[in-house]
Amino acid sequence: MTEQQRRQLVIVACWWAGILFALLWFQFPYVRGLFQQPPPFIYSLYALAVVYVALRTAIVFALPYIALRTQHTALNWLGRDHWLVMPDMLLLTFGVHFTGGIQSDLYLAFFVPIVACGLAYRVRFTLLIAFAAAVLHLAATWHDRFEPHYWEYVATRTFFFAIVGWLVSFIARSEEGRRQRENVLRQELAIAEERARIARELHDSAGNALVAAIQHAQLCQHLLSQSPEQARQQLSEHITALRHALDEMRELVFHLRPVSLSPDEFVNALKQFIARFSQRTGIQVNLQLDDLTISSPAMSIALMRLIQEALTNAVKHGKATAVEVTLKREGKNLVGIISDNGVGFEPEQTSTGLGLQTMRERVAAFGGSLEIRSAPQQGTTVEFTLPL
């Protein structure tokens, strides 16, 4: 379900609630006395409103199909939900006109499209809708313009139409800004974590390898004059160690490459990484993938880093010889399972080590959950759930 469908379903729910309330509201004698038309006409108007709301509900569910059919035509505006506001307000105009005019409480329903627009659209569009509501309300009550206090009612309601629309839009934009700032801070935190991880990787792999290389070179320099054969053996071991360090550096550079963002490219990048991982470590990795649609670039990056961290743990700490990686869709969630046949560990005693805290934070940032199951000599299973 798209965002505009969810937005419009909330509005439709308000209209259905209004339909039910109107049926009960009409049962009061005072309310029936406000009507300027006979009851059969009012019931006909009520039936028209029911048909309209039912049709509007169907249109909401058909919005994606309408957008697809009209995207390359002059009617492509039908695929958006902006235009649905005007029919709503036109129906309300007739309702106010025939249910008491300036004395009708139905004018309060004009706040529904105004608030909906304030939550979804920019301030200018919301104020435009508030102005349209004021004009339509004036048209619906024009026949009562000679009644006492008519213009006071109109001015007061117009003011509240505008102020409510502006306030709701302002609050919605402020909330949107707050979410954007949180996303920026989350990205900066992720960058800082990546820098810390890179520093650890360089220290543990390349740094140690370079220190060992210097020591081997010094030893070979000393042995050249005394034992050339031993010096050649040390140089052979030194070359092997340097090649291993070079492979680790290449792997680190590969990890630093930007993760592809589209679903197809993400899957290809994941397959490429696992193939390189298997080739470098000699560990068999079985990858099982469902058809996935990952719309968030940040989630793609977090997912890739999560799998990289779990596979690295399986090699360095778990001493695993085989790993199985499964990504599948369950309802509206993405479920990932990474299990190995390594030596395992006690999760209670290692709750924050091995990068586990970073993995939990990555998943929690997207409203997901992560569970780690392990025991000594029984392997490790990392299972996480992310909402799509």
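Below is a summary of the structure that appears in this document. Bear in mind that the values here come from a model prediction, so they are computed numbers and not experimental data. (Residues numbered from 1 in each chain as written. Predicted model: local features only at pLDDT ≥ 70, side-chain atom pairs only at ≥ 80, totals over all residues. Heavy atoms only, no water.)

As for the overall build of the protein
Link 1 in the chain: Helix and strand counts for the protein stand at 11 helices and 5 strands.
Link 2 in the chain: The buried share of the protein, reckoned over its 388 residues, is 37%.
Link 3 in the chain: A separation of at least 24 residues holds for 67% of the contacts in the protein among residues at least 6 apart in sequence.
Link 4 in the chain: Entry remark: accessible area of the protein is about 22,200 Å², with carbon and sulfur atoms responsible for 62%. (Helix = DSSP H or I, 4+ residues; strand = E, 2+ residues; numbered from the N terminus. Buried < 20%, exposed > 50% of the residue type's maximum accessible area, 1.4 Å probe, protein only. Contact = heavy atoms within 4.5 Å. Areas by Shrake-Rupley, 256 points an atom, 1.4 Å probe, with all protein chains shown as cover.)

Thoughts on the sheet that holds strand E2 (residues 322–330)
Link 1 in the chain: Strand order in the open sheet made by the 5 strands is E1-E2-E3-E5-E4, with mixed pairing throughout. A strand with exactly one partner marks an edge of an open sheet, and here the two such strands are strand E1 (284–289) and strand E4 (369–374). Across the sheet, the axes of successive neighbouring strands diverge by a mean angle of 10 degrees, strand direction being ignored.
Link 2 in the chain: Each of E4 and strand E5 (380–387) touches helix H11 (residues 356–364); the most contacted strand, E4, lies at about 150 degrees to it. (Pairing = 2+ DSSP bridges. Axes fitted to C-alpha atoms, helices over the stretch in contact; angles between N-to-C directions.)

A short note on the pattern of salt bridges
Between side chains of opposite charge, a pair can form as their charged atoms come close.
Link 1 in the chain: As enumerated under the stated definition, the model contains 4 salt bridges in all.
Link 2 in the chain: We note a salt bridge from Arg373 to Glu383, for which the minimum N-O separation is 3.1 Å. Of this pair, Arg373 sits in strand E4 while Glu383 sits in strand E5; the two residues are 10 residues apart in sequence, bridging distant segments of the chain.
Link 3 in the chain: A relative accessible area of 23% places Glu383 in the partly exposed class. (Salt bridge = Lys/Arg side-chain N within 4 Å of Asp/Glu carboxyl O.)

Some points on the environment of Tyr121
Link 1 in the chain: Its place among the elements puts Tyr121 in the loop between helix H5 (111–120) and helix H6 (123–140).
Link 2 in the chain: Residues Tyr121 and Arg173 lie 52 residues apart in sequence; the distance between their C-alpha atoms is 8.9 Å.

Observations concerning a nonpolar patch on the surface
Link 1 in the chain: On the surface, Leu127, Trp166, Leu167, Phe170 and Ile171 cluster together into a nonpolar patch covering about 470 Å² of accessible area.
Link 2 in the chain: When residues in the nonpolar patch are grouped by element, the largest group, 4 residues, is from helix H7 (residues 150–223).
Link 3 in the chain: Mapped onto the elements, Phe170 comes out in helix H7. (Patch = residues over 30% accessible without salt bridge, like charges linked within 9 Å, V, L, I, M, F, W, Y side chains within 5 Å.)

Looking at H6
Link 1 in the chain: For H6, built from 18 residues, the straight-helix expectation of 26 Å at 1.5 Å per residue is met to within 8% by its first-to-last C-alpha distance of 25 Å.
Link 2 in the chain: Listing the buried residues of H6 in full gives Thr126, Ile129, Ala130, Ala132, Ala133, Ala134, Leu136, His137 and Ala140. (Expected span 1.5 Å × (residues − 1).)

So, the nonpolar core
Most often, soluble globular proteins have nonpolar side chains that are buried together.
Link 1 in the chain: The biggest cluster of nonpolar side chains holds 34 residues, and the ones touching the most others in it are Leu303, Leu311, Val323, Leu327, Ile338, Leu370 and Phe384.
Link 2 in the chain: At the level of secondary structure, the elements contributing two or more residues to this core comprise helix H9 (263–281), helix H10 (297–316), E2, strand E3 (333–340), H11, E4 and E5.
Link 3 in the chain: Top contributing element to this core by residue count: H10, with 8 residues.
Link 4 in the chain: Apart from the residues within four sequence positions on either side, Val323 is in contact with Ile283, Gln284, Val285, Asn286, Leu311, Ala314, Ile338, Ser339 and Asp340.
Link 5 in the chain: Membership of the second largest hydrophobic core comes to 26 residues, among which are Trp15, Ala49, Phe111 and Ile129. (Core = buried A, V, L, I, M, F, W, Y, C linked by side-chain atoms within 4.5 Å.)

A look at the packing of H10 against H11
Link 1 in the chain: Across the interface, H10 lies against H11 with an axial gap of 10 Å and an inter-helix angle of 160 degrees. Judged by the inter-axis angle, H10 sits roughly antiparallel to H11. Judged by the twist between their axes, the crossing of H10 over H11 is left-handed. Taken together, the residues of H11 that come into contact with H10 (itself represented by Ala302, Arg305, Leu306, Glu309, Ala310 and Asn313) are Leu356, Met359, Arg362 and Val363. (Parallel < 35°, antiparallel > 145°, perpendicular 65-115°, else oblique. Left-handed = near helix turned anticlockwise from the far one by under 90°.)

Quick word on the environment of Phe266
Link 1 in the chain: In this structure, Phe266 sits in helix H9.
Link 2 in the chain: For the pair formed by Phe266 and Leu303, sequence separation is 37 residues and the distance between their alpha carbons is 9.7 Å.

Here's the deal with the pairing of E4
Here is the key point about a regular strand: its side chains alternate between the two faces of the sheet.
Link 1 in the chain: Taking every second residue as pointing to the same face, the buried face of E4 carries Leu370, Ile372 and Ser374, while none of Ser369, Glu371 and Arg373 on the other face is buried.
Link 2 in the chain: Two elements, E4 and E5, share 6 bridges in a ladder whose sense is antiparallel. Counted as the bridge partner of Ser374 is Thr380 from E5.
Link 3 in the chain: Hairpin remark: E4 followed by E5, antiparallel, with 5 residues in the connecting loop; positive phi at Gln377, about 65 degrees.

Some words on the packing of aromatic side chains
Link 1 in the chain: What the rule picks out here adds up to 7 aromatic pairs.
Link 2 in the chain: Taking 5.2 Å as the distance between ring centres and 65 degrees as the angle between the ring planes, the aromatic pair formed by Phe111 and Phe161 counts as edge-to-face. Of this pair, Phe111 sits in helix H5 while Phe161 sits in helix H7; the two residues are 50 residues apart in sequence, bridging distant segments of the chain.
Link 3 in the chain: The exposure class assigned to Phe111 is buried, which follows from its relative accessible area of 19%.
Link 4 in the chain: For Phe161, a relative accessible area of 0% corresponds to the buried category.
Link 5 in the chain: For the pair Phe159 and Phe160, a centre-to-centre distance of 5.4 Å together with 70 degrees between the ring planes defines the contact as edge-to-face.
Link 6 in the chain: What links up through ring pairs into an aromatic cluster is the set Phe110, Phe111 and Phe161.
Link 7 in the chain: Between Arg157 and the ring centre of Tyr107, over which it is positioned, the NZ or CZ distance is 3.8 Å. (Phe/Tyr/Trp six-rings, centres within 6.5 Å; stacked < 30°, edge-to-face > 60°. Lys NZ or Arg CZ within 6 Å of the ring centre and 35° of its normal.)

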